[in-house]
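# Overview (structure and organization)
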Amino acid sequence: MKKALITGFSSGIGLAYAKHLIKNDWHLDLVSQDIERSELALEALNSSNCSAYSCDLSSPEDLDSLMLKISTPDLIIANAGIGINGSVGKNSSKDIKDATYLMFGGVINLIEYFLPKMKEKDAGRVVIISSIGALIPMPKSSIYAAVKSGIYAYGRSLNEELENTNISVTVSLPGYVRTNIHQRSGLEHLVRKIPNWMWVSADKVVTETEKASIKGKSHIIPGFLYRITSIFFNLKITKIIWKTLNARK
Ligand SMILES: NC(=O)c1ccc[n+]([C@@H]2O[C@H](COP(=O)([O-])OP(=O)(O)OC[C@H]3O[C@@H](n4cnc5c(N)ncnc54)[C@H](OP(=O)(O)O)[C@@H]3O)[C@@H](O)[C@H]2O)c1
């Protein structure tokens, strides 16, 4: 039985990924921080092929001890994340440090720890959930955009580096997905404001990302609309429309 490690499995994209992999007979090592949410997610998954770990992935010490407990996976889904918003100077240095480690430094440490072991077997896949925010300016979410761009650059460089191996690294760049993230980061107004056509389902993110990963692609933008729109991201008119729709308070 193949084994996958999913970070941030308790809701949203991570939970949808876990459901997808269980249907395809994977064993899962599942990581989240909040115990209550993890238990509810495990109930929803209703599978004996899951091992759950509680870990604060914004803490380097917690991540180090987690990695020692887990054997090398065949697939890593580096998904855990939060929204970090606010105009320049509004986030505390601790919030910036934690978010940066959770979605950038810690993701790199996790991959740097397991990928050499995958290389010994010459087999394995890595999926990194970044964001469309890696590709277009995100005023008042500049730290989020920076972290997501950084991890995108890391992932696609690695994928190229591993070109002649049986290992792939695929970065997924979703647009808006209805999950807990917006309420948790004080962006609930966007849930009402963003038009329906701009939302992609978590299931679609998972199926398109998984397909791209199996093909060994360096990156995927889930949803046809986002793929088309991304071609025009450098145009001033696209940036104005995007900025208006996404305006943070
Ligand atoms: N939703 C979107 O519109 C969207 C768009 C683009 C990219 N993304 C990215 O997609 C990924 C998943 O987010 P989501 O939208 O599915 O949000 P979500 O429903 O809020 O899920 C986030 C997951 O990350 C986990 N997590 C957060 N902080 C953690 C920490 N310090 N330690 C361990 N686990 C932690 C949460 O676990 P707990 O329950 O333990 O907190 C939860 O399982 C994120 O990287 C996000 O940036 C989302």
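The following refers to the structure shown. (Residues numbered from 1 in each chain as written. Predicted model: local features only at pLDDT ≥ 70, side-chain atom pairs only at ≥ 80, totals over all residues. Heavy atoms only, no water.)

### Structural notes on the sheet that holds strand β1 (residues 3-7)
- The seven strands are arranged β3-β2-β1-β4-β5-β6-β9 in an open sheet whose pairing can be described as parallel. Looking at strand neighbours, the two that pair on one side only are β3 (50-54) and β9 (219-220), the edges of this open sheet.
- Note: strand β5 (residues 124-129) against strand β6 (residues 167-172), six bridges, orientation parallel. Each residue of the ladder has a partner; that of I129, found in β6, is S172. (Pairing = 2+ DSSP bridges. Helix = DSSP H or I, 4+ residues; strand = E, 2+ residues; numbered from the N terminus.)

### With respect to the site of the ligand
- The immediate surroundings of the ligand are formed by 33 residues, with S10, D34, R37, Y144 and T179 found nearest.
- One of the side-chain nitrogen or oxygen atoms of R37 is found 2.6 Å away from an oxygen atom of the ligand.
- When the free accessible area of the ligand is taken as 890 Å², the share hidden by the protein chains comes to 97%.
- Only α1 (12-23), α5 (142-161), β7 (176-177) and α6 (181-184) provide two or more residues apiece to the shell around the ligand.
- Looking at the shell around the ligand element by element, the count peaks at three residues for α6.
- Here the shell around the ligand is built from residues that sort into 13 nonpolar, 15 polar and five charged. (Near = heavy atom within 4 Å. Polar contact = N/O pair within 3.5 Å; in protein donor to acceptor, adjacent residues only side chain to side chain. Areas by Shrake-Rupley, 256 points an atom, 1.4 Å probe, with all protein chains shown as cover. Nonpolar A, V, L, I, M, F, W, Y, C, P; charged D, E, K, R; others polar.)

### Digging into the state of the cysteines
- For the structure on display, the rule yields zero disulfides.
- Cysteine C50 is unpaired, with the sulfur of C55 as its nearest cysteine sulfur at 17 Å.
- For C50, a relative accessible area of 18% gives the class buried. (Disulfide = S-S within 2.5 Å. Buried < 20%, exposed > 50% of the residue type's maximum accessible area, 1.4 Å probe, protein only.)

### Here we look at a nonpolar patch on the surface
- A grouping of F224, I228, I231, F232, L235, I237 and I241 is seen on the molecular surface, where their side chains present a nonpolar patch of about 710 Å² in accessible area.
- Elements represented by at least two residues in the nonpolar patch include exactly α9 (224-230) and α10 (236-246).
- For F224, the location among the structural elements is in helix α9.
- Looking at F224, the relative accessible area reads 60%, which means it is exposed. (Patch = residues over 30% accessible without salt bridge, like charges linked within 9 Å, V, L, I, M, F, W, Y side chains within 5 Å. Salt bridge = Lys/Arg side-chain N within 4 Å of Asp/Glu carboxyl O.)

### As for the packing of aromatic side chains
- In the structure shown here, the tally under the stated rule is four aromatic pairs.
- On the numbers, 6.3 Å between centres and 45° between planes, the contact of Y176 with W242 is tilted. Taken as a pair, Y176 in strand β7 and W242 in helix α10 lie far apart in primary sequence, 66 residues in all.
- Its relative accessible area of 6% is what places Y176 among the buried residues.
- Every member of this aromatic cluster is reached through a ring pair, and the members are Y176, W199, F233 and W242.
- The lysine or arginine in question, K117, covers the ring of Y113, its NZ or CZ lying 4.6 Å from the ring centre. (Phe/Tyr/Trp six-rings, centres within 6.5 Å; stacked < 30°, edge-to-face > 60°. Lys NZ or Arg CZ within 6 Å of the ring centre and 35° of its normal.)

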